[in-house]
Amino acid sequence: MQDHPFPVPGPPPGSFSQQTDPRAGIDEAVAGLADLDALPLAEHVERFDAVHTELTVALSSIDKV
């Protein structure tokens, strides 16, 4: 018997590596905000976008922890 009566979404194919620890990716992404105050305000959006992308990848694999 299946756990779910319908398909359940998961991370995109190829976005998860068995050796990848999502917690490390989350820590690394958040560390990208550490020097934000030293950047010109115009560069904040680009940095936030990069961190958001890293968090999305790390969190999409959290079910595999």
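Let us look at the structure shown here. The shown structure was predicted, so the numbers you read here are calculated from the model rather than taken from an experiment.

### A look at the overall build of the chain
Stage number 1. Check the secondary structure of the chain and you find two helices and zero strands.
Stage number 2. Expressed as a percentage of its 65 residues, the buried residues of the chain come to 12%.
Stage number 3. The contacts of the chain with a sequence gap of at least 6 include a subset with a gap of at least 24, amounting to 63%.
Stage number 4. When the accessible area of the chain is evaluated, it comes to approximately 5,300 Å², of which 60% is carbon and sulfur surface.

### Quick notes on the packing of helix α1 (residues 22-31) against helix α2 (residues 44-60)
Stage number 1. Following both chains from N to C, one finds α1 and α2 inclined at 170 degrees, their axes separated by 8 Å at the closest point. Viewed along their axes, α1 and α2 adopt a mutual orientation that is roughly antiparallel. Counted together, Pro22, Gly25, Ile26, Glu28 and Ala29 of α1 and Val51, Glu54, Leu55, Ala58 and Leu59 of α2 form the full contact between these two elements.
Stage number 2. Grouping the constituent residues of the contact of α1 with α2 by class yields seven nonpolar, one polar and two charged.

### So, the environment of Ala29
Stage number 1. With respect to the helices and strands, Ala29 occurs in helix α1.
Stage number 2. Once the C-alpha coordinates of Ala29 and Val51 are considered, the two residues, 22 residues apart in sequence, prove to be 5.2 Å apart.
Stage number 3. Apart from residues lying up to four places away in sequence, Ala29 is in contact with Val51, Glu54 and Leu55.

Parameters and conventions
Residues numbered from 1 in each chain as written. Predicted model: local features only at pLDDT ≥ 70, side-chain atom pairs only at ≥ 80, totals over all residues. Heavy atoms only, no water. Helix = DSSP H or I, 4+ residues; strand = E, 2+ residues; numbered from the N terminus. Buried < 20%, exposed > 50% of the residue type's maximum accessible area, 1.4 Å probe, protein only. Contact = heavy atoms within 4.5 Å. Areas by Shrake-Rupley, 256 points an atom, 1.4 Å probe, with all protein chains shown as cover. Axes fitted to C-alpha atoms, helices over the stretch in contact; angles between N-to-C directions. Parallel < 35°, antiparallel > 145°, perpendicular 65-115°, else oblique. Nonpolar A, V, L, I, M, F, W, Y, C, P; charged D, E, K, R; others polar.

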